[in-house]
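# Close look at the chain arrangement
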Amino acid sequence: MSKALDAVVELLDLEQIELDIFRGRSPAGERRQRVFGGQVAGQALVAAGRTVPDDRPVHSLHAYFIRPGDPAVPLIYLVDRVRDGRSFTTRRVSAVQHGKTIFTLSASFHHPEPGASHARQMPDVPPPDELPSTAERMEQLFGAAAREYTRSNPIDIRHIGPLTFEAAKDPSLRVARSMAWLRADGELPDDQLLHVCMMTYASDMTLLDSVLLANGLSWADGKTVGASLDHAMWFHRPFRADRWLLYAQESPVAAAARGLARGELYTQDGELVVSVMQEGLIRTRS
């Protein structure tokens with residue numbers, strides 16, 4: 001396991017300080033001005049999952065980012081046991097800092113049972129081994145310093161098609177969809193909740209890029225700022241976050257300084273295992 005991935009696994013191992021109350025933290029020496037949204041969502045799902053029997057995996061979550069998180073102080077997660085039914089279990093989690101709720105998550109857990117089965121076919125794309133890593137592509141664009149920066153990423157991401165930095169310079173590359181292979185950068189324990197929470201963490205990294213690609217924007221253009229507003233995920237089948245997953249992403253609409261993006265995650269065998277939706281605030285200045 002890489003040092004970066006090991007650090008994220010530690011972040012997802014919350015401290016239980018009371019019944020249904022958990023404490024999480026942000027990475028030491030965090031350079032962000034606010035807590036990464038995927039971290040809060042992943043930690044909140046860990047808190048919810050710790051109160052549910054192992055034979056009921058999570059099948060959906062719906063989350064709202066209410067206030068920016070402060071990376072300098074711990075996050076307190078309060079779990080509300082909404083319902084424990086015969087087939088479904090529902091939990092509501094609030095993340096609190098400085099006495100205020102900064103994030104809420106509702107998660108539903110379902111005991112697996114047989115039923116109808118179908119799925120959309122995975123797009124035809126090059127395999128991950130034939131693609132350069134994001135670190136290599138960033139080094140080509142910005143020099144060796146960029147490679148050092150991306151090396152600290154716990155998720156190995158290999159983009160198919162243009163990066164937002166490239167589309168911002170070349171209008172011919174502007175499209176409202178993007179695809180990338182991704183996986184945790186190392187071997188993870190056989191803990192299905194950890195794999196789900198790790199992919200919840202990773203799902204927030206690139207999803208809004210499809211909005212930027214369609215508009216010729218990038219987070220590094222000096223005029224674009226943004227933040228996740230809400231996030232929803234549906235988990236259809238078991239998977240491993242340390243095996244390659246294709247993240248097919250697209251943005252159907254952007255308006256009123258908000259962009260909507262949706263994504264689908266496929267295993268290399270072509271199984272659709274996760275669906276994602278997110279709306280983000282995207283502001284630009286001239």
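These lines cover the structure that appears in this document, whether it is placed above or below. Note that the structure is a prediction, hence the values are computed from the model and not measured.

## Here's the deal with the layout of surface pockets
Unfilled space is identified by rolling a water-sized probe across the atoms. In this structure, the second largest pocket encloses a volume near 580 Å³. What lines the second largest pocket is a set of 22 residues, and nearest its centre among them are H59, H110, F235, H236 and R237. At the level of secondary structure, the elements contributing two or more residues to the lining of the second largest pocket comprise β3 (58-65), α6 (192-203) and β9 (224-235). By residue class, the composition of the lining of the second largest pocket is 13 nonpolar, 7 polar and 2 charged.

## Digging into helix α1 (residues 3-11)
For the α-helix, the turn length of 3.6 residues means that residues three or four positions removed from each other point alike. Among all positions in α1, only A4, L5, V8, V9 and L11 are buried. Mapping the buried residues of α1 onto a view down its axis gives an arc of 155°, with all of them on the same face. If you follow the buried residues of α1, they end up packed against α2 (37-49), β8 (177-184) and α6.

## Considerations on the sheet that holds strand β12 (residues 272-284)
Strand pairing within a sheet occurs via backbone hydrogen bonds; the two strands may be parallel or antiparallel. Taken together, the 12 strands give an open sheet; going across it, the order is β1-β2-β4-β5-β6-β3-β9-β12-β11-β10-β8-β7, and neighbouring strands pair in antiparallel fashion. Each having just a single partner strand, β1 (15-18) and β7 (155-160) make up the two edges of the open sheet. Direction aside, the axes of adjacent strands within the sheet are offset by 25° on average. Bridge count for β1 against strand β2 (residues 21-24) is 3 bridges, and the pairing is antiparallel. When the sheet's bridge partners are listed, Q16 is paired in β2 with F22. Relative to the sheet, α2 contacts β2, β3, β4 (75-84), β5 (88-97) and β6 (100-110), its axis offset from that of β6 by approximately 55°. Sheet strands touched by α6: β3, β7, β8, β9, β10 (245-255) and β11 (258-267). Its angle to β9, the strand with the most contacts, is close to 150°.

## Details of the pattern of salt bridges
Counting across every chain of the model gives 18 salt bridges. Between E264 and R120 there is a salt bridge, with its nearest N and O atoms 3.3 Å apart. Linking E264 in strand β11 with R120 in the loop between β6 and α3 (134-142), this pair joins segments that are 144 residues apart in sequence. By relative accessible area, E264 is classed as buried at 16%.

## Looking at the pairing of β8
Side-chain direction in a regular strand flips from residue to residue, so the side chains alternate between the two faces of the sheet. With 6 bridges connecting them, β7 and β8 associate as antiparallel partners. Opposite I160, over in β8, you have M179 as the bridge partner. When β8 meets β10, the two strands line up antiparallel, connected through 6 bridges. Across the sheet, M179 pairs through a bridge with A248, a residue of β10.

The rules behind each value
Residues numbered from 1 in each chain as written. Predicted model: local features only at pLDDT ≥ 70, side-chain atom pairs only at ≥ 80, totals over all residues. Heavy atoms only, no water. 1 Å grid on protein atoms, 1.4 Å probe; cavity = no way out; pocket = protein on both sides within 12 Å on 5 of 7 lines; lining within 4 Å. Points joined across faces, edges and corners; volume = space filled by probe spheres on them. Helix = DSSP H or I, 4+ residues; strand = E, 2+ residues; numbered from the N terminus. Nonpolar A, V, L, I, M, F, W, Y, C, P; charged D, E, K, R; others polar. Buried < 20%, exposed > 50% of the residue type's maximum accessible area, 1.4 Å probe, protein only. Arc of directions from axis to C-beta. Contact = heavy atoms within 4.5 Å. Pairing = 2+ DSSP bridges. Axes fitted to C-alpha atoms, helices over the stretch in contact; angles between N-to-C directions. Salt bridge = Lys/Arg side-chain N within 4 Å of Asp/Glu carboxyl O.

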